[in-house]
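Topology and contacts: notes
Next come the chains, spelled out residue by residue.
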Amino acid sequence: MLRTTLAGLRAHRLRLMLTSLAIALGVGFIAGTFVLTDTIEAGFTQKFAAAADRIDVAVLPGPDKGDEPSAISDATLEKIRATEGVADAQGLVRGTSALIGKDGKAAGDYPTVGISLPEGALNRTSIVSGRAPRTPTEAVLDEGTARTRGFKVGDTVAVLDSENARHEFTLVGLFDIGLDQEIGFTGAVGYTTDTARKMTGQRGFREVDVAAAEGVSQETLRASVAAVVGAGHQVKTGERYAADLAKANGASSEFLTLGLLLFGVVAMFVAALVIYNTFNILVAQRTREMALLRCIGATRGQVFGSIVLESAVVGLLSSVLGLLLGYGMGAGALAVLTAVGAPLPSVAASLTPRTIVLGLVIGLTVTVGAALLPARSATRVAPIAALRSQAEEQTFKAGLVRMIFAALFLVSGAGITAAGMAMKPGETALVVVMAGCSLVFLAVLTLGPVIVKPLSAFAGWVPARLFGVPGRLAVDNSRRNPKRSATTTVALTVGVTLMTVISVLTGTIRVTYAHQLDEQFPVDYLVRSQDRSSELPRAIAEDLRTRPELTAVVAFRGSTARLGTGDEKYEVGTFTPAPGFTPKLNEGSIDRLVPGAALVADHVAERLKVGVGDRITVRTAKAGAVELSIVGVSNQESGLSGVTVPEREFDRYFGEVGDSQVIVNYSDGVDPDRALMVIEAATRPYPTAKVTSSTEVRGEFDEALDMMLMIITGLLGLAVLISLLGIANTLSLSVHERTRESALLRALGLTRPQLRRMLSVEALVLGLIGALVGVVLGIGFGWAAARTMTENVIFQLPVPQILSFVALSGLAGVLAAVLPARRAARASVVGSLASG
Amino acid sequence: MTITGEVGAWGARGKGAEPAVTARGLTKVYGRGDTAVHALRGVDVSFSSGAFTAIMGPSGSGKSTLMHCLAGLDTVSGGQVRIGDVELTGLNDRQLTLLRRERIGFVFQAFNLLPTLTAEQNIRLPLEIAGRLADPELFDLVVGTVGLRDRLGHKPSELSGGQQQRVAVARALISGPQVIFADEPTGNLDSRSGAEVLSFLRTSVRELDQTIVMVTHDPVAASYADRVVFLRDGLLVSELVGPTPQSVLDTLMKLEA
């Protein structure tokens, strides 16, 4: 029996190749995910270990207390230095110090970080050109920032200190950011330790690194340092420190792994459908072979075993192929990430034993699992079937069990989805809706063979009329075996459904967000500080108000205060009134905002259980506790703080706080470029004041959405690719089955191109069916999911995108048919008529 | 009964018109070198139009190969084939396909019909492939002749073997081809259904003036023809006009000897 199976496998090598490719792609993606994340993790661990080699003990401050980030004081550093066994101890400083670009404005969207470069062996920052700073007038820049901002060693650079005062330094070197993700994002300026403290305004150290004197072990040193610094500090050996860093980093890469694996699971599910279908067809085609085996004495168990064995061999071989593919994909992704400048350690891609075992197990389990049902149906072949000359046409009747299950899935799925949509928007609602949608999808999967017939008539309506006889024959062929067509198309449906959901969601978010922006107040320009949290001088807004080109200059200010008797701090703010600016309120009126009155935001009202007419105590910085009456409730869209008080009152409560942001509209008839120039002129004296236009904000948001859409669609593309292999597989098996039929058509005068066209149209119809079902489901699911995200969703159907999914699916189907169609058309008429 | 070594003359019952199909020095070789098989070694034969001719011969005599070459289904290694006034040798695949579509009808031993189409759709298929409309009168006549009027809406799986072959005959007739090639059309049928199908073939020759070339190994089937030509080892070796089952059998016995 084993020999028969292996001989069969050898004979059907080509036929099983497409199946193998489907599994290999799925396994490859999963393995590739692990290769990528394992390699990154291993690289980080290695680098952390290398960096930590220099230090014997690291002292870290305890958890942050209140608003103040905790730090290690000078006194503690001195104590550590005086501890026995300590050869050297260096404090590391880290804070904000904004580099000024060549245009005189603070460089980048976020201020650069200021760090200290300690002297001696404890320095972990590697200088790649020039040298480390030695005097208070020297500084170094990270390579990336130097490159993008056009600075080179020897230049003079200007940097703002924490008080926004400008200082100039000589650039003496460039350094490598290593694995620091924050610096990778913002860029950094490095100074001597003392200068770094002055520039960043940090009073303490973020970390103190300690080197042991000769002969002192890390553990001994750790114990003696810990005894000196006392409780409230974490003291770790260098080894432990490196391990902890690697672990924290691993936690963040776990998120990436999980996200990617989700797509891997989708791909494997599609691959399972393809395998199931392939084995089903193979079993159907080999009915006579099975029957012959049964005739000459094979038991049902042996027939079953032979199919399962066949699937196991295929599964194993393709999993191995998948692992190789995964290794290639992982290495490729690493190369791409490195090429685009992600701060990643450069290590060779690693295929860990865990990845190998996982890949093999997953590939094998999915393949054998998907082949079980076909194998069972193979055991039902009666020995007498060997004597029948011609395989009978498969007929399909929708069984009662199928209908009952489908109805069950559909009703429960729709019910759960509706329940989820009725819930308050949030994560729970989304999860409920997703569960409901999955059930609905199962219903469609179960109903597949029933709906494929009418759908093929629908999808084939145009092709049947456009392509004449080949077209009509193709549409007939696409539904002659509904079960097979359904499984083939459902594989494609999975990918198209998910793509449509994502495209509907992003489209809806885009429109809803834009609508919310418009609702609030049509803002043309926004002025705010580079780091978003520090204040702007009031002079900017005052200056802008004097410009005739501009109208409606509204400045927002804010501070924090405790409300009532609670310990929690809330934002308390104000805005300068301007014509045309009326923030949206859920309740109450802005006109009643007089001294002694306040507006509260909806989330604050809910939290404190207060409403219009209630009184609220604000414990202010200058005026002590003041009691205010609530005259309105603002919602999030208004852009107001938790508690809003009138402008004058705010000053009385909190003093002369600067503006947090200024919104500006230009007057009608003014050229937007001219208005922008005016605003830029007004902000020029303030390097950290950044001007953004609302179109820019929307552009950024759109870009981020587009990016997300592109990445997710790309990842889902794998599932679609696998389903196309499925279409190609089904077609080539069908072509094989219909060899004589094709020969007959050729004898009757169908030309080769017509025969090819017939198969292409069949694939086109299959692709369209899969896409149509996917698009309908995707729109429904997307709509349901969008409802769970926020209130007042404006549903948006990205029609061109969805149409392109349908068109691409059809086109891809046609592509999938190229090889099978070529083979069918090439076959000699006489040979095919004689064969089997 | 005449047995001639050189068969190139028209059959005695030929209607004297131009021959529908002619082969001159037809050779067909499969493979090459040591493994080469000479299926046809130089066959000269003509089939008069309006006549029913049977091709007979022992297994491996080349009778199916001859039919495939005559019908433009297979390429020839040497010699010439003409259908009416068209020279087949030298035509490319597309031209051959169009020729089959326009001038030739086929009836095969089995698997004659497309399982997805009804009997009527199967009958009309050649015309539709050619983009032509069926002559309603001819359609009516053909369907009436083969006796399928009440079976037109059925799928092949709902028809008996004999009915399926009758549909195939009707399909071959409908386009009014210059010649119909039938390859063992009764090979899969019981004797009664077989007799029916052969009668229809015969009737179509008589009443529709159709030319039919049939390959068979059954002397009874061959006896329905006007003329029988015999093949052995790729050569035309004998010919019989006005055959009876007995005379065909006798000739075959002699060839086998």
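Residues numbered from 1 in each chain as written. Chains lettered and ligands numbered in written order. Predicted model: local features only at pLDDT ≥ 70, side-chain atom pairs only at ≥ 80, totals over all residues. Heavy atoms only, no water.

1. Brief notes about the overall build of chain A
The test is simple: Going along the chain from the N terminus, every DSSP run of H or I of four or more residues is numbered as a helix, and every run of E of two or more is numbered as a strand. Three labels apply to residues, based on accessible area from a 1.4 Å probe with only protein chains included: buried if under 20% of the type maximum, exposed if over 50%, partly exposed otherwise in between. Here, two residues are considered to be in contact whenever any of their heavy atoms come within 4.5 Å of each other. For the area figures, the Shrake-Rupley method with a 1.4 Å probe applies, and any residue is considered shielded solely by the protein chains shown. In this count, Lys and Arg are taken as positive residues and Asp and Glu as negative ones, while His and the chain termini are left out. Taken as the charge location is NZ of Lys, CZ of Arg, CG of Asp or CD of Glu.
Across its full length, chain A carries 26 helices and 22 strands. Here the C-alpha coordinates of chain A stretch approximately 100 × 75 × 50 Å along the principal axes. Counting across all 836 residues of chain A, residues that qualify as buried make up 50%. Long-range contacts, defined here as pairs at least 24 residues apart, represent 82% of the contacts in chain A between residues at least 6 apart. Accessible surface for chain A amounts to roughly 38300 Å². Of this, 60% is attributable to carbon and sulfur atoms. Treating the 77 positive side-chain charges of chain A as one cloud and the 74 negative ones as another, the clouds have centres 16 Å apart.

2. Digging into the overall build of chain B
We count it as follows: Only C-alpha atoms enter the radius of gyration, while the globule expectation follows 2.2 Å times N to the 0.38, with N the number of residues.
Within chain B, the regular secondary structure consists of eight helices and ten strands. Over its C-alpha atoms chain B spans a radius of gyration of 18 Å, differing by no more than 12% from the 18 Å that the globule rule assigns to 257 residues. Its C-alpha atoms give chain B principal-axis dimensions of roughly 50 × 40 × 40 Å. Taking all 257 residues of chain B together, 54% fall into the buried category. Pairs at least 24 residues apart make up 68% of the contacts formed inside chain B by residues separated by at least 6 positions. Surface summary for chain B: the accessible area is close to 10800 Å², and the carbon and sulfur share equals 49%. Side chains of chain B give 25 positive and 28 negative charges; the mean places of these two sets differ by 1 Å.

3. A word on the environment of A:Ala459
All names here are of chain A. Following the sequence through the fold, Ala459 ends up in helix α13 (residues 427–459). Spatially, the C-alpha atom of Ala459 lies 5.9 Å from that of Val765, the residues being 306 residues apart in sequence. In this structure, Ala459 is in contact with Val765, Leu768, Ile769 and Leu772, ignoring residues within four places of it in sequence.

4. Quick look at the interface of chain B and chain A
How we decide: Take the accessible area each of two parts loses on contact, using a 1.4 Å probe, and add the two losses: that sum is the buried area. What makes a salt bridge here is a side-chain nitrogen of Lys or Arg within 4 Å of a carboxyl oxygen of Asp or Glu, nothing more. Nitrogen and oxygen atoms within 3.5 Å of one another constitute a polar contact, given that in protein one can donate a hydrogen and the other can accept it, and given that sequence-neighbouring residues count only through two side-chain atoms. Polar here means any residue other than Ala, Val, Leu, Ile, Met, Phe, Trp, Tyr, Cys and Pro, which are nonpolar, and Asp, Glu, Lys and Arg, which are charged; Gly is therefore polar.
Each side of the interface is counted separately: chain B has 24 residues, and chain A has 23 residues. When chain B packs against chain A, the two sides together hide about 2200 Å² of surface, and 67% of this comes from carbon and sulfur. In this structure, the connection of chain B to chain A is made through three salt bridges. Put simply, B:Asp93 and A:Arg746 hold a salt bridge, and the shortest N to O gap is 2.8 Å. Our count for the contact surface shared by chain B and chain A stands at seven residue pairs in polar contact (both at pLDDT 80 or more). Breaking the side of chain B that touches chain A down by element, the ones donating at least two residues are α2 (93–103) and α3 (119–129) of chain B. Top contributing element to the side of chain B that touches chain A by residue count: α2(B), with six residues. Among the residues making up the side of chain B that touches chain A, the classes are represented as 13 nonpolar, four polar and seven charged.

5. Structural notes on a negative patch on the surface
For the record, the criterion: Think of a patch as exposed residues, more than 30% relative accessible area, with no salt bridge, where like charges cluster within 9 Å and nonpolar side chains (Val, Leu, Ile, Met, Phe, Trp, Tyr) cluster within 5 Å.
Side chains of A:Asp109, A:Glu696, A:Glu700 and A:Glu703 sit close together on the surface and give a patch of like negative charge. Looking at the secondary structure, you find A:Glu703 in helix α21 (residues 694–737).

6. Quick notes on unusual backbone geometry
Of note in the backbone geometry, A:Ala552 takes a positive phi value of approximately 45 degrees without being a glycine. Structurally, the position occupied by A:Ala552 is in strand β14 (residues 550–563). The class of A:Ala552 is buried, set by a relative accessible area of 10%. Phi angles above zero are rare outside glycine, and B:Asp209 is one such case at about 60 degrees. With respect to the helices, strands and loops of the structure, B:Asp209 is situated in the loop between α6 (191–208) and β8 (212–215).

7. Some remarks on a nonpolar patch on the surface
On the surface, A:Trp783, A:Phe795, A:Leu797, A:Val799 and A:Leu803 cluster together into a nonpolar patch covering about 430 Å² of accessible area. Inspection of the secondary structure puts A:Trp783 in helix α23 (residues 752–787).

8. Structural notes on the pattern of salt bridges
Residues and elements named next belong to chain A. In total, this model carries 34 salt bridges over all chains according to the counting rule given. For the salt bridge of Arg222 with Glu219, the shortest nitrogen-to-oxygen distance reads 3.2 Å. Here Arg222 pairs with Glu219, and both are found in helix α7 (residues 218–229), just three residues apart, close to one helical turn. The exposure class of Arg222 is partly exposed, given its relative accessible area of 26%. With a shortest N-O distance of 2.9 Å, Arg615 and Glu627 are connected by a salt bridge. Highlighted residues: Arg615 in strand β18 (residues 615–619) and Glu627 in strand β19 (residues 625–634), separated in sequence by twelve residues. Overall, Glu627 belongs to the partly exposed group, its relative accessible area being 49%. Several salt bridges converge on common partners, so that one network encompasses Lys236, Arg240 and Asp244.

9. So, the pairing of strand β1 (residues 57–61) of chain A
All names here are of chain A. Put simply, the test is: In this description, strands pair whenever DSSP reports at least two bridges between them.
Here β1 lies mainly inside the structure; five of its five residues are buried. Every second residue of β1 is oriented toward a common face, with Val57, Val59 and Pro61 on one face and Ala58 and Leu60 on the other, all of them buried. Where β1 meets strand β11 (residues 207–212), three bridges bridge the pair, whose relative direction is antiparallel. Among the inter-strand pairings, Val59 is bridged to a residue of β11, identified as Val208. One ladder, built from five bridges, connects β1 with strand β12 (residues 233–237); its direction is antiparallel. Along β12, the bridge assignment pairs Val57 with Thr237.

10. A word on the packing of aromatic side chains
Note the following rule: Between 30 and 60 degrees the pair is tilted, below 30 it is stacked and above 60 it is edge-to-face, where a pair is any two Phe, Tyr or Trp rings, Trp via its six-membered ring, whose centres lie within 6.5 Å. Ring-over charges, as used throughout, are those where CZ of Arg or NZ of Lys falls within 6 Å of the ring centre and within 35 degrees of the ring normal.
Evaluated as defined, the whole model comprises eight aromatic pairs over all chains. A network of ring pairs unites the aromatic residues A:Phe650, A:Tyr653 and A:Phe654 as a single cluster. Its guanidinium or amino end placed over the ring of B:Phe139, B:Arg124 lies 4.2 Å from that ring's centre, counting from NZ or CZ.

11. A word on the sheet that holds β11(A)
Residues and elements named next belong to chain A. Where we set the bar: Note on definitions: angles span 0 to 180 degrees between N-to-C directions of axes, and those axes are lines fitted to C-alpha atoms, for helices only across the stretch in contact.
The strand order across the open sheet formed by four strands is β2-β11-β1-β12, and the pairing between neighbours is antiparallel. Both outer strands of the open sheet, β2 (86–92) and β12, are each paired with one neighbouring strand and no more. With strand direction ignored, the average angle separating the axes of adjacent strands in the sheet is 20 degrees. Examined bridge by bridge, β2 and β11 share six bridges and lie antiparallel to one another.

12. Re the confidence of the model for chain B
Residue and element names in this part refer to chain B. For clarity, the cut-off: For every residue, the pLDDT score states the predictor's confidence, bounded by 0 at the bottom and 100 at the top.
Confidence in the prediction for chain B averages 83 pLDDT; 93% of positions are at 70 or higher. For chain B, helix α4 (residues 136–146) is the element with the lowest average pLDDT, namely 83, and β8 is the one with the highest, namely 93. Counting contacts from residues 1–16, a segment whose pLDDT is below 50, to residues more than four positions away or on other chains yields 31 contacts. Here the prediction assigns the complex a pTM of 0.74, and the interface score ipTM is 0.77.

13. Quick word on the packing of helix α15 (residues 468–478) of chain A against α23(A)
Residues and elements named next belong to chain A. We count it as follows: Under this scheme an angle from 65 to 115 degrees is roughly perpendicular, one under 35 degrees roughly parallel, and one over 145 degrees roughly antiparallel; angles in between are oblique. We call a crossing left-handed when the near helix sits turned anticlockwise from the far one by less than a right angle, and right-handed when that turn is clockwise.
Where α15 contacts α23, the two axes come as close as 8 Å, and the packing angle between them is 45 degrees. Looking at the two axes, α15 sits oblique to α23. The handedness of the crossing between α15 and α23 comes out as right-handed. On the side of α15, the interface is formed by Pro470, Gly471, Leu473, Ala474, Val475, Asn477 and Ser478, while α23 contributes Gln754, Met758, Val761, Glu762, Val765 and Leu766. Looking at the contact of α15 with α23 residue by residue, the class counts come to eight nonpolar, four polar and one charged.

14. As for the sheet that holds strand β5 (residues 86–87) of chain B
Residue and element names in this part refer to chain B. Spatially, the four strands line up as an open sheet ordered β2-β1-β4-β5, and their pairing is antiparallel. The open sheet has two free edges, formed respectively by β2 (37–48) and β5, since each of these has just one partner strand. In this sheet, strand β4 (residues 78–83) lies alongside strand β1 (residues 19–30) in antiparallel orientation, the contact comprising five bridges. Opposite Thr22, over in β4, you have Arg82 as the bridge partner.

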